[in-house]
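Here are the chains, one letter per residue:
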Amino acid sequence: MSATGLLVGIAAALLAAVVSFLVGRANKSAVAVLSEDDGPRLLEAAGIEADERRRQAELAAREAAHQIRAAVSAELDARRADLDRADHDLEARAAALARREQDLAAEHEALARDSEQLAARQAEAEVATRAAAMQAAAATARLESIAGLSAAEARLQLEIELRDDARRSVAGDVRRIEDEARTEADRRSRLIVAAAVQRHAGEYANLATVSVVQLPSDDMKGRIIGREGRNIRALEQATGVDIIIDDTPEAVVISCFNPVRREIARLALTRLCADGRIHPSRIEEVVEQAAQDIDQQCKDAGEQALFDLGLPGLAGELVMLLGRLKFRTSNAQNLLQHSIEVGFLAGAMAGELGIPVRLARRAGLLHDIGKAVDQKAEGSHAQVGALMARRFDEDPAVCRAIEAHHGDIAPAHALDHLVDAANVLSGQRPGARRELLESYVQRLTDLEKIATSFAGVERAFAIQAGREVRVLVENAKVSDDEARVLSRDIARRVEAELSYPGQVRVAVIRETRATDYAK
């Protein structure tokens, strides 16, 4: 008997027992309650009802048993299906494993064949290698017997000869390339510089640190001094200058390192002398008017410089600073004229090189703008000028050219080199700057002293106003390659120890002298 049948039988028996118990209990209760007269009739009715309930209980039990049997059957069918699938999967895996074993066996056979072939080839290669080694040894022996050198000696000699040949060939190529590049660069630079210089010629004014005011008469000196010196003290305090009144007839000297303050004082004193009313309150009023007039002159000068160079508008503060350069000098060169000339030169060279001309002119015009700031910021005038230009949103290329024109930062663009070259050109033109004779002679002496301090140098001569130093070296102590190194070392030392305008060319001359006698 199956498990399903057993479960169904157990369920039916339980249901029958429950139904019998319930029916019997009901009958007993009914019999106990009813009277004797109604007994037969009630017993019959109870029997009928009991039979009906029994039939219903049996039907319910059969239905429950049927449902249990169906559920168990479905579960058994599902389990049989799972087992069938598992058997099918196992069969498929077994087939796959069998195929894999066959493939591995085939691969093993192929590897065995390849190993045999590789071993055969290795044996052939070893035989060929031994034969080649024997042939090489025989050839080496024949070469050694013919040349009279061992293999190591021959190899060393060959390496030395090849290295010397390569060095000579490379040195010649390097010298040729350097000469060609130097010739071409010199030719182009001369053309560009000459074209730029010829297109602009500036005028220079030699300004000193003092200004002289002519007086209508010597009596005016007493009025300028005032009672107990109150007028002259008020004038010096209002302008920040020193007023020197000496025995010079009909003249007063104004001394101040700041040319703007000196010009304000000169203008104010001239107006006071013309007006004749000189007292402290009037002095303050005239000095204030003179300061306003000078500011207006600075603005006009800056705008005129922009107009001359054909540049677009500049920030008002930069225009004012640019105009202040009109009253400043550097090595006796007027800075505003110098800036305008640098702008023209940079623009001319930029046009030759295909760089935007207006951008180069703007950078050249503003390159010394930091010299007009009057100690308002720390750093060199190139750094201060670049800071001011960035503050007023100037082009980054212009700001970098300003900062790089004295080497504060490394040049990174052709415009940086152009502004630097234009600055040097403007400062080195004849008459542009004055130099004391003593410092000039000392600089030439220092140049020759530095050059002769190197070993192997016979004589040195500073020529072309200190722009070139020619160094004669001893032929036996300095070779051609060492001469190139020597020129570079002398140039680096001159850069480190001397101050000079422009650049200094170091030319090392090494000559070979051959002497013989005719007898």
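Structure: see above.
Residues numbered from 1 in each chain as written. Predicted model: local features only at pLDDT ≥ 70, side-chain atom pairs only at ≥ 80, totals over all residues. Heavy atoms only, no water.

Help me out: how do you make sense of the packing of helix H7 (residues 280-309) against helix H9 (residues 335-353) in this one?
Any two packed helices are characterised by the angle at which their axes cross and by the distance between the axes. The N-to-C vectors of H7 and H9 enclose an angle of 20°; their axes lie 10 Å apart at closest approach. Between H7 and H9, the interaxial angle falls into the category roughly parallel. Of the two possible hands of crossing, H7 and H9 adopt the one that is right-handed. Residue-level contacts link Ala301, Ala305, Asp308 and Leu309 of H7 to Leu336, Ile340, Gly343 and Phe344 of H9. Partitioning the contact of H7 with H9 into residue classes produces 6 nonpolar, 1 polar and 1 charged. (Axes fitted to C-alpha atoms, helices over the stretch in contact; angles between N-to-C directions. Helix = DSSP H or I, 4+ residues; strand = E, 2+ residues; numbered from the N terminus. Parallel < 35°, antiparallel > 145°, perpendicular 65-115°, else oblique. Left-handed = near helix turned anticlockwise from the far one by under 90°. Contact = heavy atoms within 4.5 Å. Nonpolar A, V, L, I, M, F, W, Y, C, P; charged D, E, K, R; others polar.)

I'm lost on the nonpolar core in this one. Help?
The nonpolar side chains of a soluble globular protein tend to be buried with one another. Among the nonpolar cores identified, the biggest contains 41 residues, and Leu322, Leu336 and Leu365 are the most heavily contacted of them. Elements that contribute at least two residues to this core include exactly H7, helix H8 (316-324), H9, helix H10 (357-366), helix H11 (381-391), helix H12 (396-404) and helix H13 (414-428). Examining the composition of this core, we find that 8 residues originate from one element, H9, more than from any other. If we ignore the near neighbours within four places in the chain, the residues touching Leu336 are Ala301, Ala305, Leu322, Leu325 and Lys326. The next biggest cluster of nonpolar side chains, apart from the first, holds 28 residues, and it includes Ala234, Val241, Leu272 and Val287. (Core = buried A, V, L, I, M, F, W, Y, C linked by side-chain atoms within 4.5 Å. Buried < 20%, exposed > 50% of the residue type's maximum accessible area, 1.4 Å probe, protein only.)

Would you mind showing me how to read the pattern of salt bridges here?
Think of it this way: side chains of opposite charge can pair up when their charged atoms draw near. Taken as a whole and assessed by the stated rule, the structure comprises 23 salt bridges. Between Arg505 and Glu468 there is a salt bridge, and its shortest N-O distance comes to 4.0 Å. Of the two residues, Arg505 sits in strand S8 (residues 505-509) while Glu468 sits in strand S7 (residues 468-473), which places them 37 residues apart along the sequence. Arg505 sits in the exposed class, given a relative accessible area of 54%. Here Arg510 ties to Asp480 by a salt bridge, and the two come within 2.8 Å at their closest N and O atoms. With Arg510 in the segment after S8 and Asp480 in helix H15 (residues 480-497), this pair connects stretches of sequence that are 30 residues apart. With relative accessibility at 28%, the residue Arg510 sits in the partly exposed group. Residues joined by salt bridges that share partners form a network here, namely Asp275, Arg277, Arg282 and Glu285. (Salt bridge = Lys/Arg side-chain N within 4 Å of Asp/Glu carboxyl O.)

Bear in mind that shape data such as this cannot, by itself, settle questions of function.
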